[in-house]
Each structure stands twice: as structure tokens, then as C-alpha cells.
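Fold and contact review
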Amino acid sequence: MLGGNIPESFGGLKAVGVLDLSHNNLQGYVPGSLGTLSFLSDLDVSNNNLTGLIPSGGQLTTFPASRYENNSGLCGLPLPPCGSQRHSAERVKGKKPSMDSGMVISFASFTFFFIVTVYLSFFSPYLDLPFRILLKVFSC
């Protein structure tokens, strides 16, 4: 597990295409020098302790928000703007809201399909229709 700041010198890795620094204990800010990496096709700094504005140079703002999430102090495109209500609320609560809504949607979907399946299996007179047809065909 890596700790400390992301070194500015990483901007000198001119040939790097993918830089995955996720799930570490990195602190500080995302260096603007990473925006100079012209071959960088994927950057992931999620699940760290990074803070500050995501640099707007290069393609750093084109990566999906998931590549920056779960850094309670990080803000700016593609995350909410610095000082926004959502950003401030997350910082105050100290929560990382990445899976809360997904879990609720999954649970609701599962519950809905379970209820529909139970209803159809007990109350639908046509549910066993294919089996009745097969019995008639093979009972000859």
C-alpha cells in the first residue's frame, strides 16, 4: 500500500498509458503534471485520501468520476465542483456514498421481481399451460 503524496515527477513518465494508484493511502492533491502525459489512456486514483481541485489540464477531466471517487476532499470535473452542496456535505459527514444508491436500487429490483414471480406462480391459471399442452401431445 502506497502512502504520502503523488509525486510531481510522475509527470515525467511520458510513455505511461495506464496509471492505477487506487486503493492506497495517498494524500494531498492530484499533481497537474499528470495532465501532460499525452499517452495516458486511463488514470485511477479512487479510494485514497486525496483533496483539492482535479487539475483541468490534459485529459484528466475526461476520465469517469469513478476513477476519482472515495476521496472525501477531491472536487472539480468530473466530480462535483469545489464548494458545491454535495461536496461539502460529503466532507462534513465523512461518508463515501459510492454504493448506497446502488444497493437500494438492487434491493428494490430483487423485491419487485420476487413478488411478481410469487404472484404468477400462485395466481396465474396460464402458467402451467405449456405443461398441459405437452401432456396432451405425449398422452396419445
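Structural data are supplied above this passage.
Residues numbered from 1 in each chain as written. Predicted model: local features only at pLDDT ≥ 70, side-chain atom pairs only at ≥ 80, totals over all residues. Heavy atoms only, no water.

**Observations regarding the state of the cysteines**
One pass over the structure, following the stated rule, counts 1 disulfide. Between the sulfur atoms of Cys 75 and its disulfide partner Cys 82 the distance amounts to 1.8 Å. Across the S-S bond linking Cys 75 and Cys 82, the dihedral sits near 80°, which makes this disulfide right-handed. What makes Cys 75 buried here is its relative accessible area of 3%. Assessed through its relative accessible area of 40%, Cys 82 is described here as partly exposed. (Disulfide = S-S within 2.5 Å. Buried < 20%, exposed > 50% of the residue type's maximum accessible area, 1.4 Å probe, protein only.)

**Topic: the sheet that holds strand β5 (residues 49-53)**
On the basis of which strands lie adjacent, the open sheet formed by 4 strands has the order β1-β3-β5-β6 and parallel pairing. One side of each edge strand has no neighbouring strand; the edge strands of this open sheet are β1 (3-5) and β6 (73-75). Averaged over all adjacent pairs, the angle separating strand axes in this sheet is 30°, with direction ignored. (Pairing = 2+ DSSP bridges. Helix = DSSP H or I, 4+ residues; strand = E, 2+ residues; numbered from the N terminus. Axes fitted to C-alpha atoms, helices over the stretch in contact; angles between N-to-C directions.)

**Some words on the environment of Leu 40**
Assignment of secondary structure puts Leu 40 in the loop between β3 (25-28) and β4 (42-44). We classify Leu 40 as buried; its relative accessible area is 4%. Taking the C-alpha atoms as reference points, Leu 40 and Leu 19, 21 residues apart in sequence, are found 7.5 Å from one another. Those residues within four positions of Leu 40 in sequence are excluded, and the remaining contacts are Val 16, Gly 17, Val 18, Leu 19, Leu 34, Gln 59, Leu 60 and Phe 63. (Contact = heavy atoms within 4.5 Å.)

**Description of the side chain of Ser 22**
Mapped onto the secondary structure, Ser 22 falls in the loop between β2 (18-20) and β3. Assessed through its relative accessible area of 14%, Ser 22 is described here as buried. Of note is the side chain of Ser 22, whose polar atom sits 2.6 Å from the side chain of Asp 20. Ignoring anything within four residues of it in the chain, the contact list for Ser 22 reads Asp 44, Val 45, Ser 46 and Asn 48. (Polar contact = N/O pair within 3.5 Å; in protein donor to acceptor, adjacent residues only side chain to side chain.)

**Re the nonpolar core**
A general tendency of soluble globular proteins is for nonpolar side chains to be buried together. Counting residues in each nonpolar core, the largest one holds 18 residues, and the members touching the most others are Leu 34, Leu 40, Leu 43 and Tyr 68. The contacts of Leu 43, once residues within four sequence positions are left out, are Leu 19, Leu 34, Leu 60, Phe 63, Arg 67 and Tyr 68. (Core = buried A, V, L, I, M, F, W, Y, C linked by side-chain atoms within 4.5 Å.)

**Section: the pattern of salt bridges**
On inspection of all chains with the given rule, the structure shows 1 salt bridge. The partner of Arg 67 in a salt bridge is Asp 42, and the shortest N-O contact between them spans 2.9 Å. With Arg 67 in the loop between β5 and β6 and Asp 42 in strand β4, this pair connects stretches of sequence that are 25 residues apart. (Salt bridge = Lys/Arg side-chain N within 4 Å of Asp/Glu carboxyl O.)

**Regarding the side chain of Ser 46**
Locating Ser 46 in the fold gives a position in the loop between β4 and β5. Contact partners of Ser 46, with chain neighbours within four places excluded, come to Ser 22, His 23, Ser 66, Arg 67, Tyr 68, Glu 69 and Asn 71.

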